[in-house]
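# Structure assessment
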Amino acid sequence: MKKTLKKTLLVMLALMLAFAFTGCAKDKSEDEGASPAADTINVGALFNLTGGQASLDQPSYNGFKMAADEINAAGGINGKMIEVKVVDGKTDQASVASAAKKLIDVEKAVVVAGLSDSNYALAAGGVCQSNSIPFITSGATLPTLPEQVGDYAFLAPFGDNVQAYACADYAIDDLKMTKCYLLIDQSMEFTKTLAHFFKERYEEKGGTIVLTDNYMNKDPDFSAQIDRFLADKGGAEILFISGVPDDAGVVVKQFRDKGVTLPIISGDGFDTPLLMEVAGDAANNVYVGTHASLENTDPAVQKFVADYTAVYGHAPENAFAALGYDTMYLIANALKNATDPTDPAAIRDAIGATKNLKGVTGTVTYEEGSRVPTKSVTINKVEGGKFVFQKEVFL
Amino acid sequence: MDTLYVLSQLVNGLKLGSVYAMVAIGYSIVYGILRLINFAHGDIMTVAVYTILSLVTIFGLPLWMSIGASVVMAVVVGLIAERTAYRPLRAAGEETTLVSSLAVSIFLQNLMMMIFSPQRKAFHLPENLTFLHNFNGIRLSTMNIITFIAVIVILVILTFVIKRTRVGMAMRACSDNMDASRLMGININHVVVIAFIIGSSLAALSGLMLAGEYKTIDPMMGFVPGLKAFCAAVLGGIGSLGGAVLGGFVLGVAEMLFAGLMPTEITPYRDAFVFVVLILVLMVRPNGILGSREGGRS
């Protein structure tokens, strides 16, 4: 009997190992032909292509890759081709950190970019900082991220304070709604920061937060919070939900099912197709403060939408596709201007010196000493299952 | 704090509790016989839900047919796990099968990730099941009502089977003393297979209820509800079916009343509260609320 036990355990172990290795094998096959030639510049792309963040990061990576192909087709960086090295962060902080390490040590990336959530960007940024490799987050919006990580970290999008202020301004100035219910995901740095800045601005402008409630990411059941709200609405006219993509559709749907038809507003965490896929018609009357409207008639935006559609067979899923695209151009611009495009420190200085770089999601300028750009915020509204442009808010 | 509000939170608790109860029955029926804490139970739930989703969306089968197929699928997976990972280790002791059930759980999660990708997917039931009935301001979907009734009906049927039929008698005998039962001429493997068939079909049904309620599915969705249902089963007295159902409802109601009545600063930590309750109950009643001293089937 003892023998059978040992045998079975061995088989189990073998199976688990086999799984671990199939994972590795996959990574390797993607990276074939990785031998760094002198005429290429390796750019690390670190995105959560699987897991809860994938609905933001996959479009973002698509945009990033497309921009690199465009730049290479136009002759590259002073004759050198950009080689995008991608590693999946799997929506897991430990995996993100080891992915960053892999990009630096194995793939010899001179700059690393990607990620749409602060928790993961902090993990990746730390690794890059300690290896003195510039890190640009394409979509994470924690305004204090560069301070926390160090002088090699940059934001490509606006900070949370900016998007939260814009949502507060829009609710009060445009929607004329001065009583707000606040629901916060307490498990994320991003959602806590966003809610904090929203509350600050909303109250400063004379609005009242009538009730604040909390939940944890991936709690599938919001009925306790919703019933608490229904029992004590306090005259709320609008709901601000500070959440991330995988909860967006679920929470909105449950509020609507319980008969709450009030407008809901949120930050770019709700800028995900999952919102409409999960909630269906219930997603109507949800406002989302985000990085761009893909309906914008600006020729640069329309060219991006048309190209993306041609390459991937469908329109960009959300503004994160555009952020990924802009981030690659931000890197390319820095590589062009750097005194030595193989020296990470020179690239960092070149990124920090970026001025008036126009992209799909607005214009990037890093003010003296700041590594967070000031950009406008777009307010979209879900109507008939689509994001419809409402207003561009400048602070 | 008016009564309607407390009542509505109570109903939320019953709603959640009936899903826990459903999962807990499946846990309990296998545990009762094998003393095996089957961690893969929640993941069999996930397999069933993905079966429904693929049959409905890819092959366009009607829902009732897909549900039938998902039950069959869950049973097949459950039996394969029993045959390959549990039966060969049965003589080795409870700790060993516990570990191999964790391995099966991780295996199934990874398998689902490989086949369906780790992405969350939307899961929609037809309108007539999600239709909301309004009872004096408290809204319940048809599915909620079906779940609640199903839990009670299944409890009654299974209790009858265990107390009044030959198979049930064999199950109780195995639960009391497996070696003696074998000497009495009971085919142990036969009894275990039946327990796994019942347990896995219940997992399939509870998966449907869970996914239908929350409208999204992902490969990891079974694990936490599985864990909570296991706690429900322990709370109620593991091995006792009535205890599993009671434990499920107690856990669900405790969770919702905590989330609904406590200050909002601490409500996100409701899972921690639930487990504190579990510890407190077990300190007073180590065998659970309805558990007998020997921890056998009551």
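These figures come from a predicted structure and were not determined experimentally. (Residues numbered from 1 in each chain as written. Chains lettered and ligands numbered in written order. Predicted model: local features only at pLDDT ≥ 70, side-chain atom pairs only at ≥ 80, totals over all residues. Heavy atoms only, no water.)

### Quick notes on the overall build of chain A
As a reminder, the rule being used: Strands are runs of DSSP state E lasting at least 2 residues, helices are runs of H or I lasting at least 4, and numbering of each runs from the N terminus. Throughout, radius of gyration means the C-alpha value; the globule benchmark is 2.2 Å times the number of residues raised to the power 0.38. In this scheme, a residue with accessible area under 20% of its type's maximum is buried, one over 50% is exposed, and one in between is partly exposed, where area comes from a 1.4 Å probe on protein chains only. By definition in these notes, contact holds between two residues if any of their heavy atoms fall within 4.5 Å.
From N to C terminus, chain A includes 13 helices and 14 strands. In terms of C-alpha radius of gyration, chain A reaches 22 Å, essentially the compact-globule figure of 21 Å for 395 residues. Seen along its three principal axes, the alpha-carbon backbone of chain A occupies a region of about 70 × 65 × 40 Å. Counting all 395 residues of chain A, 60% fall into the buried class. Sequence separation of at least 24 residues holds for 68% of the intrachain contacts in chain A that already meet a minimum separation of 6.

### Digging into the confidence of the model for chain B
Heads up, the rule is: The pLDDT value expresses, per residue, how confident the predictor is, ranging between 0 and 100.
Summary statistics for chain B give a mean pLDDT of 89 and a share of 97% for residues scoring 70 or more. In the predicted complex, the global pTM is 0.82; the interface-specific ipTM is 0.85.

### A few points about the environment of Leu4 of chain B
Residue and element names in this part refer to chain B. Here Leu4 is to be found in helix α1 (residues 3-34). Considered as a pair, Leu4 and Arg87 are 83 residues apart in the sequence and their alpha carbons are 51 Å apart. Those residues within four positions of Leu4 in sequence are excluded, and the remaining contacts are Asn136 and Ile138.

### Remarks on a nonpolar patch on the surface
Residue and element names in this part refer to chain B. Cut-off, in case you're wondering: Residues enter patches when they are more than 30% accessible in relative terms and free of salt bridges; like-charged ones are connected within 9 Å and nonpolar ones (Val, Leu, Ile, Met, Phe, Trp, Tyr) within 5 Å. Under the convention used here, a 1.4 Å probe and the Shrake-Rupley method define accessible areas, while residue burial counts only the protein chains that appear. What makes a salt bridge here is a side-chain nitrogen of Lys or Arg within 4 Å of a carboxyl oxygen of Asp or Glu, nothing more.
A cluster of nonpolar side chains, Leu14, Phe148, Ile149, Ile152, Val153, Val156 and Ile157, forms an exposed patch at the surface whose accessible area comes to about 570 Å². No other element matches helix α6 (residues 142-164), which puts 6 residues into the nonpolar patch. Relative to the helices and strands, Ile152 resides in helix α6.

### Here we look at the domain arrangement of chain A
All names here are of chain A. Note the threshold: Here the limits of each domain have been adopted from an automatic or database domain assignment. For any pair of parts, buried area is found by adding up, for both, the accessible area (1.4 Å probe) each one loses once the two are put together. Nitrogen and oxygen atoms within 3.5 Å of one another constitute a polar contact, given that in protein one can donate a hydrogen and the other can accept it, and given that sequence-neighbouring residues count only through two side-chain atoms. Nonpolar residues are Ala, Val, Leu, Ile, Met, Phe, Trp, Tyr, Cys and Pro. Charged residues are Asp, Glu, Lys and Arg, and all others, Gly as well, are polar.
Domain assignment breaks chain A into domain 1 (31-158 + 297-364) and domain 2 (161-290 + 379-393). Distance from the C-alpha centre of domain 1 to the C-alpha centre of domain 2: 29 Å. The partner domain 2 presents 18 residues to the 16 residues of domain 1 that form the contact. Approximately 1400 Å² of surface area, both sides summed, lies buried where domain 1 meets domain 2, with 61% of it carried by carbon and sulfur atoms. Ranking the residues of domain 1 by area buried against domain 2 places Asn119, Pro143 and Phe158 at the top, with a combined share of 30%. At the junction of domain 1 with domain 2, the criterion picks out 0 salt bridges. There are 5 residue pairs in polar contact (both at pLDDT 80 or more) connecting domain 1 and domain 2. A class-by-class count of the residues in the side of domain 1 that touches domain 2 yields 6 nonpolar, 8 polar and 2 charged.

### Some words on the pattern of salt bridges
Pairing is possible between side chains that carry opposite charge, provided their charged atoms lie close to one another. As enumerated under the stated definition, the model contains 23 salt bridges over all chains in all. With a shortest N-O distance of 2.9 Å, Asp105 of chain A and Lys101 of chain A are connected by a salt bridge. Taken together, the residues span about one helical turn, with Asp105 of chain A and Lys101 of chain A both in helix α3 (residues 93-105) at a distance of 4 residues. Using a relative accessible area of 35% as the deciding quantity, one classes Asp105 of chain A as partly exposed. With a relative accessible area of 41%, Lys101 of chain A lands in the partly exposed category. For Arg182 of chain B, the salt bridge identified is with Asp179 of chain B, shortest N-O distance 3.3 Å. Linking Arg182 of chain B with Asp179 of chain B, this pair stays in helix α8 (residues 178-183), spanning 3 residues, or about one helical turn.

### Let's talk about the interface of chain A and chain B
The interface of chain A with chain B comprises 37 residues on the first partner and 40 residues on the second. Both sides of the chain A and chain B interface together cover about 3200 Å² of buried area, and 63% of this is carbon and sulfur. Our count for the contact surface shared by chain A and chain B stands at 1 salt bridge. Counting every contact that joins chain A to chain B gives 14 residue pairs in polar contact (both at pLDDT 80 or more). Its residues assigned to classes, the side of chain A that touches chain B comprises 14 nonpolar, 11 polar and 12 charged.

### Quick notes on the state of the cysteines
Residue and element names in this part refer to chain A. Heads up, the rule is: Throughout, disulfides are identified as pairs of cysteine sulfur atoms within 2.5 Å of each other.
Applying the stated criterion to the full structure yields 0 disulfides over all chains. Looking at Cys167, it has no disulfide partner, and the nearest cysteine sulfur is the one in Cys180, 10 Å off. Taking the relative accessible area as the measure of exposure, Cys167 reaches 0% and is therefore buried.

### Looking at the sheet that holds strand β4 (residues 135-137) of chain A
All names here are of chain A. In plain terms, the rule: Two strands make a pair as long as DSSP finds a minimum of two bridges between them. Axis geometry follows a simple rule: fit a line to the C-alpha atoms, using only the stretch in contact for helices, then measure angles between N-to-C directions, giving values from 0 to 180 degrees.
Pairing within the open sheet is parallel, and its 5 strands lie in the order β2-β1-β3-β4-β5. What marks the edges here is a single partner per strand, and that holds for β2 (81-88) and β5 (153-155). Going across the sheet, the axis of each strand differs from the next one's by a mean of 25 degrees, ignoring polarity. With 8 bridges joining them, strand β1 (residues 40-47) and β2 adopt parallel strand pairing. Bridging from a neighbouring strand, Ile41 pairs with Ile82 of β2. Against the sheet, α3 makes contact with β1, β2 and β3 (111-114), and its axis sits at roughly 175 degrees relative to β1, the strand it touches most.

### Quick notes on unusual backbone geometry
Residue and element names in this part refer to chain B. Of note, Arg35 is a non-glycine position whose phi angle comes to about 55 degrees, a positive value. Along the chain, the position of Arg35 falls in the loop between α1 and α2 (41-57). Of note in the backbone geometry, Lys215 takes a positive phi value of approximately 65 degrees without being a glycine. Structurally, Lys215 can be placed in the loop between α9 (188-214) and β4 (216-217).

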